[in-house]
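Tertiary structure, described
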Amino acid sequence: MSHQPATGRHDTAPVDTRRVDAREKVTGAALYGTDLHPDGLAHAVLATATVGRGRITDLDVAAAAAVPGVLLVLSHLDRLDLRSPGFIMGGGYGVQSLQPLLDDHVAYRGQAIALVVAETLTAATEAANLVRARYAPEPFAVTLDAEGVERISQPVAVPLPFLADLDVGDAEAAYAAAPVRVDAVYDQPSQHQNPMELIGATVWWRGDTVVVHEGTQNAGAIRHGLAQQLGIDPANVEVLSPYTGGGFGQKNSLQIHIAPLAVAARRLGRPVKLVVSRAQLFHHTSFRPASRHRVRLGADEHGRMLAAIHEVEHQTSRHDLFPLMYNEITARLYGIGDFRGRQTFARMDTQSPGFMRAPFEHPAAFAFESAVDELAYAAGRDPLEFRLANDTTVDPVSGEPFSSRHLAQCLRRGAKTFGWSARRQRPASMRAEDGSLVGWGVAVGAYPASIVPSTAHVVAGVDGRVRVEVDGHEMGQGIRSAIALLAAENLGVDVHAVDVVVGDTRVATQHLTAGSWGTASSLGAVHAALRDLRKQLGADVNGPVDVASAVRATGRDTVDARAETLGPGQTEQDGERARQGHPVIAGPEFTGYSSFSWIAHFVEVRVEPTTCRIRVPRVVSVADCGRVASPVTAASQVRGGIVWGIGASLREAGAVDPRYGGFLNASLEEYPVPVNADIGTLDVDFIDEPDLRFHPVGVKGLGEVSMVGVAAAVANAVYHATGVRHRRLPIRIEDVLAATTAP
Ligand code: MOS
């Protein structure tokens, strides 16, 4: 069973730490973007391309248009007057720069070629299936090894400082001189987020204003990107996303269907809704790119790591360069004096890949922490002791201290809880009573701690209620609960007297919520607004406030305070870029220090000797995320991250067939994710030490670091169980069988 996470706040009165929106969620009162059913609603369905790449030579929509109830079929034949939204990582707003439906070019299998709108979902679905296209196919490439993949060094293609090659010391020379060395290549597949809430939107016009309801992590980008696409004033775009049913990076920008839906809604004078099907999701939006990592590590005879060289290539589309940032954490995991990082794009014919939970850190940590395990064995050291011996308090890249780093404490506490001291070092030396091979693996993870510009507006009412309107999105991670708890604790009011408004461009900018910066960024602004509110209410700097009386004493019905905050080192220019809907990120390097969240994972696997089926009966994870802002949702985040890691190590892979393009296994039947039966005991614990150098209330980030290192800990445990090292994910039964039955 999970430990009750420590809150570190035993000196204050007990607070209700439940998820504040739990009741709405379990009763169905929480309405997601596509739960809306406004009067006159019309339903949209996409028709998609069936070639890997080419040109549409003939598009026949007559049969589709003839289906009873069909209102509109939009395609490139309509010469839609839409501009590109630009790619979110290329200075724009979109999930990719390519806006389908504008011309006859098909860039990838599954690309939208028509949007059918009808009175009913049934009619729209039937009609979409009747859209007929003929193509002039063109050659395409969809795997890292395919002919036609174009490789470009990242610093050559995108000469931006934060994407530069990393060179600390002389890693090639230090590696060449190291007496103990590892040189290995690790392969990881493309993956798809598959959140519970499918991608989709409900869109209508109110006069000259377009209203978009969509589950998103970035209402601001939708607002400004859609305005750019339609050529209208952003003031005439309203985006609302009170709830998002899982984002994981997939919902971090303007999706390709929003502009066509806006066009359809305007032409029809009716609201239009689209829910992208699970199968179409695999080609409709971003995904985790396949990546290949060569890691070379060197150590001395005493188990001191001397050199690391981490070279990565990952897939991107022909039309966009999704950046690589894998070295950012691998250069910081240990006190390695000589580090070299190289990152390369591999352009191929898919939609643009993008951020999927722990987008760089998870694949980077799988590769690097597998290699560290290999190095520990090569050096004849226990993998836990080896990691502890190479700990550092200084950021090897900047030479500055970390604002906080309790990674060694995470490792020690996790090892104790897990019972690591009973481990036998020799692989394949531990057995369970039923004869299964038992393996124990450890790995660590890190994730940059960042801050973005944020705003908060706090309104105290004469009824004693407090409303907090923020720049931030709730996608299940618990930002609403964290904000409500902070306001309730600060003012000494009941948490249920606090209402939190998120994801609404009418009340705040709505900067991208991602990169595990959401809670830290919002809480900073809320904290500042509360300070001002207390002043206006004539309250002391600390201590409980009788909100109703204090407001009444002012003679007004409400008293409000507003705060706009920037990250350390950010300027008003950064604030303005954020207001224009662009991501503006401070960190993880700041003046005088670097900030990261840290985690250690301990994993037990059992490998059934006949079938080679791998089970994960237990995981112990200890995180250093600074202050734990909301204990219940924080523990959920870590459990979720562990499940993601188990999925990545044993289950999830986009299957790609070089003959057809696209992704073959575009369904949850064929793209298996972990289910309850796959998950054993998850024991989650927190260091819960506030990082006040990084943040005014001591919060770093948690969501993504939770996943980082899990896959390596699983793979290291499989090695310990079987004596065979697996360097390609996911590790499947056939891989273990092949390795154990090989002559
Ligand atoms: Mo997260 S992958 O930065 O939404």
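The structure presented is a predicted model; accordingly, all values stated were derived computationally and were not measured.

1. A word on the packing of aromatic side chains
- Inspection of every chain in the model, using the stated rule, returns 20 aromatic pairs.
- Look at Phe322 and Phe360: their rings are 5.6 Å apart centre to centre, the planes differ by 20°, and that puts the pair in the stacked class. With Phe322 in the loop between β15 (305-317) and α9 (327-330) and Phe360 in the loop between β16 (338-348) and α10 (361-378), this pair connects stretches of sequence that are 38 residues apart. Each of the two residues, Phe322 as well as Phe360, counts as buried.
- Ring centres of Phe418 and Trp440 lie 5.0 Å apart, and the angle between their planes is 80°; on these two criteria the pair is classed as edge-to-face. Placement of the pair is Phe418 in helix α12 (residues 407-418) and Trp440 in strand β17 (residues 437-448), with a sequence separation of 22 residues.
- Of the residues examined, Phe418 reaches a relative accessible area of 3% and is grouped as buried.
- Of the residues examined, Trp440 reaches a relative accessible area of 9% and is grouped as buried.

2. Let's talk about the environment of Val272
- Here Val272 is to be found in strand β13 (residues 272-275).
- Here the alpha-carbon distance between Val272 and Leu485, two residues 213 residues apart in the chain, equals 37 Å.
- Once residues within four sequence positions are removed from consideration, Val272 is found in contact with Leu41, Ala42, Ala44, Val117, Ala201, Thr202, Val203, Leu261, Ala264 and Ala265.

3. Focus: the nonpolar core
- Ranked by internal contacts, the top residues of the largest apolar core, which has 108 residues, are Phe368, Phe602, Val605 and Phe686.
- Filtering out sequence-adjacent residues up to four positions away, Phe602 remains in contact with Leu384, Cys410, Leu411, Gly414, Ala415, Phe418, Trp420, Gly441, Val442, Arg618, Val619 and Val620.
- By size, the runner-up hydrophobic cluster in this structure holds 46 residues, among which are Val468, Leu491, Ala629 and Val699.

4. Some points on the pairing of strand β26 (residues 681-686)
- Of all six residues in β26, five are buried, a share of seventy percent or more.
- Bridging between strand β25 (residues 614-624) and β26 involves six bridges; their strand directions are parallel. Paired with Arg618 across the two strands is Thr681, which belongs to β26.
- With helix α17 (residues 631-650) bridging β25 and its parallel neighbour β26, the resulting β-α-β unit is right-handed.

5. Some thoughts on the side chain of Ser404
- Tracing the sequence through the fold places Ser404 in the loop between α11 (383-389) and α12.
- Ignoring sequence-local partners within four residues, the contact set of Ser404 consists of Phe596, Trp598, Asp624, Asp691 and Lys700.

6. What to know about the state of the cysteines
- One pass over the structure, following the stated rule, counts zero disulfides.
- With no disulfide partner, Cys625 has as its closest neighbouring cysteine sulfur the one in Cys410, 9.1 Å distant.

7. Quick notes on the pattern of salt bridges
- Tallying each qualifying case throughout the model produces 47 salt bridges.
- Among the salt bridges present, the one from Glu119 reaches Arg270, with a minimum N-O distance of 2.9 Å. Of this pair, Glu119 sits in the loop between β5 (112-118) and α3 (121-129) while Arg270 sits in the loop between α7 (258-268) and β13; the two residues are 151 residues apart in sequence, bridging distant segments of the chain.
- In this structure, Asp678 engages Arg651 in a salt bridge whose closest nitrogen and oxygen atoms are separated by 2.7 Å. Residue Asp678 is found in the loop between α17 and β26, and its partner Arg651 is found in the loop between α17 and β26; the two are separated by 27 residues along the sequence.
- With relative accessibility at 13%, the residue Asp678 sits in the buried group.
- Three or more residues joined by partner-sharing salt bridges are found here, namely Asp165, Asp167, Glu172, Arg296, Glu311, Arg340 and Arg342.

8. Quick notes on empty space enclosed by the protein
- One pass over the structure, following the stated rule, counts eight cavities of 30 Å³ or more.
- Approximately 50 Å³ is the volume attributed to the largest cavity.
- As for the largest cavity, its lining consists of Val452, Pro453, Ser454, Asp471, Gly472, His511, Leu512, Thr513, Trp517, Gly518, Ser521 and Ser522.
- Counting residues per element, the lining of the largest cavity draws most heavily on helix α14 (residues 518-536), which supplies three residues.
- For the lining of the largest cavity, the per-class residue count stands at four nonpolar, seven polar and one charged.

9. Topic: the sheet that holds β17
- Taken in spatial order, the four strands of this open sheet run β17-β24-β25-β26, and their pairing is mixed. Here the strands that pair on one side only, and so sit at the sheet edges, are β17 and β26. Averaged over all neighbouring strand pairs, the angle between strand axes comes to 15°, with direction disregarded.
- Packed on one face of the sheet, α17 meets β24 (596-607), β25 and β26 and runs near 130° to β26.
- Most of the contacts of helix α18 (residues 710-722) go to β17, to which it runs at about 160°, and overall it touches β17, β24 and β25.

10. Quick look at unusual backbone geometry
- The omega angle of the peptide bond from Gly587 to Pro588 is 5°, so this bond is cis rather than trans.
- Relative to the elements of secondary structure, Pro588 occurs in the loop between α16 (572-579) and β22 (589-590).
- Omega for the peptide link from Leu729 to Pro730 comes to -10°, which places this bond in the cis form.
- Within the secondary structure, Pro730 is located in the loop between α18 and α19 (733-741).
- Despite not being glycine, Arg79 has its phi angle at roughly 50°, a positive value.
- Counting through the fold element by element, Arg79 comes out in the loop between β3 (70-75) and β4 (105-106).
- One non-glycine residue with positive phi stands out, namely Ala358, at about 50°.
- Turning to its location among the elements, Ala358 is positioned in the loop between β16 and α10.

Calculation criteria
- Residues numbered from 1 in each chain as written.
- Predicted model: local features only at pLDDT ≥ 70, side-chain atom pairs only at ≥ 80, totals over all residues.
- Heavy atoms only, no water.
- Phe/Tyr/Trp six-rings, centres within 6.5 Å; stacked < 30°, edge-to-face > 60°.
- Helix = DSSP H or I, 4+ residues; strand = E, 2+ residues; numbered from the N terminus.
- Buried < 20%, exposed > 50% of the residue type's maximum accessible area, 1.4 Å probe, protein only.
- Contact = heavy atoms within 4.5 Å.
- Core = buried A, V, L, I, M, F, W, Y, C linked by side-chain atoms within 4.5 Å.
- Pairing = 2+ DSSP bridges.
- Right-handed = clockwise from strand over helix to strand, strands pointing away.
- Disulfide = S-S within 2.5 Å.
- Salt bridge = Lys/Arg side-chain N within 4 Å of Asp/Glu carboxyl O.
- 1 Å grid on protein atoms, 1.4 Å probe; cavity = no way out; pocket = protein on both sides within 12 Å on 5 of 7 lines; lining within 4 Å.
- Points joined across faces, edges and corners; volume = space filled by probe spheres on them.
- Nonpolar A, V, L, I, M, F, W, Y, C, P; charged D, E, K, R; others polar.
- Axes fitted to C-alpha atoms, helices over the stretch in contact; angles between N-to-C directions.

Note that every value here comes from positions in space, so none of it alone points to a role or purpose.
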